[in-house]
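So the chains spell out like this:
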Amino acid sequence: HSTDEYLSKHEYWQQRYRQPSKDLSFDWFVESPEILDFILHSMKHSSQGMHTHQLSGKKQSVSCLDLGCGTSSVWRSILANSPVPVRLVLLDFVQEALHYQKQHVNTAAAAVPESCCHLVCADVTNLPFADGSFHLAMDKGTMDALLKDRSRAHTQAIAMMSEVDRTLTPGGRFLQISDEDPDARLVFLDSLSRTRCHVSDSQAFPGPVYVPALDSQCCPVSMNTSVDSSSSDSTSTVPASGSLFSTWSFQVIASRWHREYFLYWKDKL
């Protein structure tokens, strides 16, 4: 995982997104047509229990977190095709990526008027959200980039997995897309799921961060706020007494790049 270590560095991505271009939009590994159906299915699956809690006459939105959104356009396909209201949070640790996304947020077409989108600048290893904030968390290449770091790869991967676990609702789903073969990735993901990471309170991100609670009224598609994205190494890991996730599953995705990629997912118990 140490090859191409520059992919794990904030400076590289900042420079990449500052490059003048007519269209910086780029989707790593796979594009939205190749994964959209599975994402929509996962949204429905992970939010099955929410309808028993919704107020009469109001549609409750499915809350989704894009971990390391970069300049991907997948979120636009989700908004345009979701049959239910969706609250999307696009998160990246590079402001320039979010500046690019902001150009499209205000003009994005949503299939359901109640849908909305928020942009947040933060680190995936220390998410500025309350416990149980999301029904679905998506990672398309972000953990792969973290694993390029020679000195902090495993620590950062553990921290990311712990934060995903913390911010998912019970029954929520973590969906990850990677180019790593299942023989290696499934064992690795299982080991991460069984390890907890503790981040000291002093390393919490400064506020305020505005991301509406799941039961609040959804706003139109818009940009709201950002937070400081300075990362921290002040983490400790301990073996978990038991995994909070169910068994990992995967399927092969044949992309237009003429190679195979892999979609992994796991549901929070």
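Scroll up for the structure.
Numbers given to residues run from 1 along each chain, matching the order in which its sequence is written. Local features in a predicted model are, by the rule used here, given only for residues with pLDDT of at least 70; side-chain atom pairs are given and counted only at 80 or more, and totals for whole chains, interfaces and linings are based on all residues. Hydrogens are left out, water is left out, and the side-chain values use all remaining heavy atoms of the structure.

**Details of helix α3 (residues 74-81)**
1) Next: Relative accessibility decides the category of a residue: with a 1.4 Å probe and only protein chains considered, values under 20% of the type maximum give buried, values over 50% give exposed, and everything between is partly exposed. Only runs of H or I of at least four residues qualify as helices and only runs of E of at least two qualify as strands under DSSP, and these elements are numbered from the N terminus. Of the residues making up α3, those classed as buried are Val74, Trp75, Ser77, Ile78 and Leu79.
2) Next: Against the buried residues of α3 lie α2 (32-46), β2 (86-92), α4 (95-105), β3 (116-121) and β4 (134-140). Between two residues, a contact is recorded if the distance between any of their heavy atoms is within 4.5 Å.

**Observations regarding the environment of Val112**
1) Next: For Val112, the location among the structural elements is in the loop between α4 and β3.
2) Next: Given the relative accessible area of 6%, Val112 is considered buried.
3) Next: For the pair Val112 and Pro85, spaced 27 residues apart in sequence, the C-alpha separation works out to 5.6 Å.
4) Next: With residues near it in sequence (within four places) discarded, Val112 still touches Ser82, Pro83, Val84 and Pro85.

**What about the environment of Val105?**
1) Next: Take Val105: it is sitting in helix α4.
2) Next: Distance from Val105 to Arg76, taken between C-alpha atoms, is 8.4 Å for residues 29 residues apart in sequence.

**Regarding the pattern of salt bridges**
1) Next: The term salt bridge refers to a side-chain nitrogen of Lys or Arg lying within 4 Å of a carboxyl oxygen of Asp or Glu. Under the defined criterion, the tally for this structure stands at 10 salt bridges.
2) Next: For Asp190, the salt bridge goes to Arg194, with nearest N and O atoms at 3.1 Å.
3) Next: Classification of Asp190 by relative accessible area gives partly exposed; the value is 27%.
4) Next: Relative accessible area serves as the criterion here: at 43%, Arg194 is assigned to the partly exposed category.
5) Next: As a salt-bridge pair, Asp190 and Lys266 come within 3.8 Å of each other at their nearest N and O atoms. Here the residue Asp190 occupies a position in helix α7 (residues 182-193), and Lys266 occupies one in strand β9 (residues 260-267), the gap between them amounting to 76 residues.
6) Next: Residue Lys266 is classed as buried on the basis of its relative accessible area of 2%.

**Some thoughts on helix α6 (residues 153-167)**
1) Next: Here a helix's expected span is defined as the number of its residues, less one, multiplied by 1.5 Å. For α6, which comprises 15 residues, the first-to-last C-alpha distance of 21 Å matches the rise-based estimate of 21 Å (1.5 Å per residue) to within 8%.
2) Next: With 12 of 15 residues buried, α6 lies mostly within the body of the structure.
3) Next: Among all positions in α6, only Ala153, Gln156, Ala157, Ile158, Ala159, Met160, Met161, Ser162, Glu163, Val164, Asp165 and Thr167 are buried.

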